Structure formats: structure tokens, C-alpha cells
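Single-letter residue listing:
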Amino acid sequence: MELIQILTKLVIGFFLLFLLVRIIGSKLIDQFTPFHFISAVVLSELLGNAIYEEKVPISYIFFTLLIWGSLLFLVEYIAQKSLFYRGKFEGKPATVIRDGQIDFDELKKSRMNLNQLQSLLRQSEIFSIREVAFALIEPNGSISVLKKAQYKKTTQQDFNMPPQPIYLPITVIKDGEILKEHLTEINKDVPWLQNQLLAHNISRVEDVLFAEWLENDGLFIIPHKQLT
């Protein structure tokens, strides 16, 4: 009877987890943040204890997955709708190398040291910090790197061209919201951004899904939908 009860719980738990993943949506492993990882660990512990504890009825499995799944769905929904809470839930990338210089304050905020930074760079096939113009630690712990021009695989030196400065793309609008701190970083203001949007026949910031500024290349805009 105990084996039948465990089998029943396992089958029910399996299909409930499958349904939960389908409802909430799947993420690639390398997109997992610490929050997603801890949530998965806690859920596995709750389900495992419910399955192998004889005194726990099957209804408790339904209740556990329903409540935990509802909370996960709520967090994901809020993160999709609110840029503010998305940053709180998922975190923001930290620029640990800027213009070829290591930002030790950002490195400390990321709970990293130089050895760990160099290890991440080597995993990206970069064996010298001198090759890096910008490096960002993503919320999931991975690193994104923009190399200096002379260290790219195809360089200006191959064509006898002088080195060109490297600029980091700056996101100024995301999900219809202006990122004012990023505007300040590029020495721009809201009226300037609105004029740039008008030049692209966009009158409202809310109509913009994503906008990015790159020095020497201007403003790149993706609207929420094709504007007429």
C-alpha cells in the first residue's frame, strides 16, 4: 500500500509540475537568476517531503503546488508589467570594467574579486583584462564583454586603419519608460529624447518598446507595434 501511495503521489506531482511549467513559462538554464534557482530548490523540497511522508495526504500536494505556483506566477506577471519591480526581482547588470578600467566598487557590490573576474573572462576566451573595453556581470552571474577595437577578431589594423574609440550602448527607454539615470550618463535630458522620438515620427514615449543610444551611431528605436 505504501508503494502504491508513493506511486500515486509521484504521478500526480509529475503532471502538476509539468502543468505549472507550462503555465508560468520556461526559461533557459543560463537565464536563471538566484531567485529562480532558490524557488526551484524550495519547490523540490516541498514536493519531495509531501511524496515520501506517509501522513501527508495527496490533497496537500495539490495545495502546495497551487500556492507556490501562484506566487511564482504573480512574481513573473509583476516583473513583466513593471520595470521597477523587474529590476528588484531579477536584478540589474553591473559594469565592472568601464573604458578599460576596473570599477572596484561595482566589483564589490557583485561580491566578486579579481580572481573570479579573470576566471569569467577566460571562460569568454579573454586572457587579458587589457583586451576589455566594457564588461558587465549579468544578474545570473554570467559575464558580457565588449572588446577594444584592436583586440577584435577582425581589427582595423588588418586594413591599416587607425584604432576607433569603443562606446557602450546605453538603453534610454524600456517598456515605454524613460531611464533618466541612463540619460544623465550620456549627458542628455528628457526634452532631447522627446525631440529624437519626434524625428522618428513617434509622439509618445509609451509607444516605444526599446530605445538605445550609441555614440557615433545615434538612437535605435523599436516601437511596441508598427506605427502608422
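Attention in this report is confined to the structure presented alongside it. Predicted, not measured: the structure shown is a model, and the values here were computed from it. The residue numbers shown here count from 1 along each chain, following its written sequence. Selection of residues for local features in this predicted model requires a pLDDT of at least 70, selection of side-chain atom pairs for listing and counting requires 80 or more, and totals for whole chains, interfaces and linings are taken over all residues. Here the side-chain values reflect all heavy atoms present in the structure, with hydrogen atoms and water set aside.

### Let's talk about the sheet that holds strand β1 (residues 94-98)
Within a sheet, neighbouring strands are paired by backbone hydrogen bonds and run either parallel or antiparallel to one another.
So, step 1. When DSSP finds at least two bridges between two strands, those strands are taken to pair. Secondary structure elements are taken from DSSP: a helix is a run of H or I of four residues or more, a strand is a run of E of two residues or more, and numbering for both begins at the N terminus. Spatial strand order, β2-β1-β3-β4: four strands in an open sheet with antiparallel pairing. Two strands lie at the open edges of the sheet, namely β2 (101-102) and β4 (143-147), each paired on one side alone.
So, step 2. Relative to strand β3 (residues 132-137), β1 runs antiparallel, the two sharing four bridges. Residue Ile 97 lies in a different strand from β3, and its bridge partner there is Ala 135.
So, step 3. The contact definition used throughout considers only heavy atoms, calling two residues in contact when any of these lie within 4.5 Å. Note on method: axes are straight lines fitted to C-alpha atoms, helices fitted across the in-contact stretch only, with angles between N-to-C directions ranging 0 to 180 degrees. Lying over the sheet, helix α6 (residues 114-123) contacts β1, β2, β3 and β4, oriented at roughly 70 degrees with respect to β4.

### Some points on a nonpolar patch on the surface
So, step 1. Like charges are joined within 9 Å and nonpolar side chains (Val, Leu, Ile, Met, Phe, Trp, Tyr) within 5 Å, but only among residues with over 30% relative accessible area and no salt bridge; these make up the patches. Accessible surface area values rest on a Shrake-Rupley calculation with a 1.4 Å probe, where residue burial reflects the displayed protein chains alone. Note on definitions: salt bridges are taken to be side-chain nitrogens of Lys or Arg within 4 Å of carboxyl oxygens of Asp or Glu. Side chains of Phe 37, Ile 38, Val 41, Val 42 and Leu 46 sit close together on the surface and give an oily, nonpolar patch of about 420 Å² of accessible area.
So, step 2. Mapped onto the elements of the fold, Leu 46 is located in helix α2 (residues 34-52).

### Focus: the pattern of salt bridges
So, step 1. Under the definition given, this model contains four salt bridges.
So, step 2. A salt bridge links Lys 109 to Glu 106, with the shortest nitrogen-to-oxygen separation between them at 3.9 Å. Residue Lys 109 and its partner Glu 106 are located together in helix α5 (residues 104-109), separated by three residues, close to a single helical turn.
So, step 3. We call a residue buried when its accessible area falls under 20% of the maximum for its residue type, exposed when it is over 50%, and partly exposed in between, using a 1.4 Å probe and counting protein chains only. Taking the relative accessible area as the measure of exposure, Lys 109 reaches 59% and is therefore exposed.

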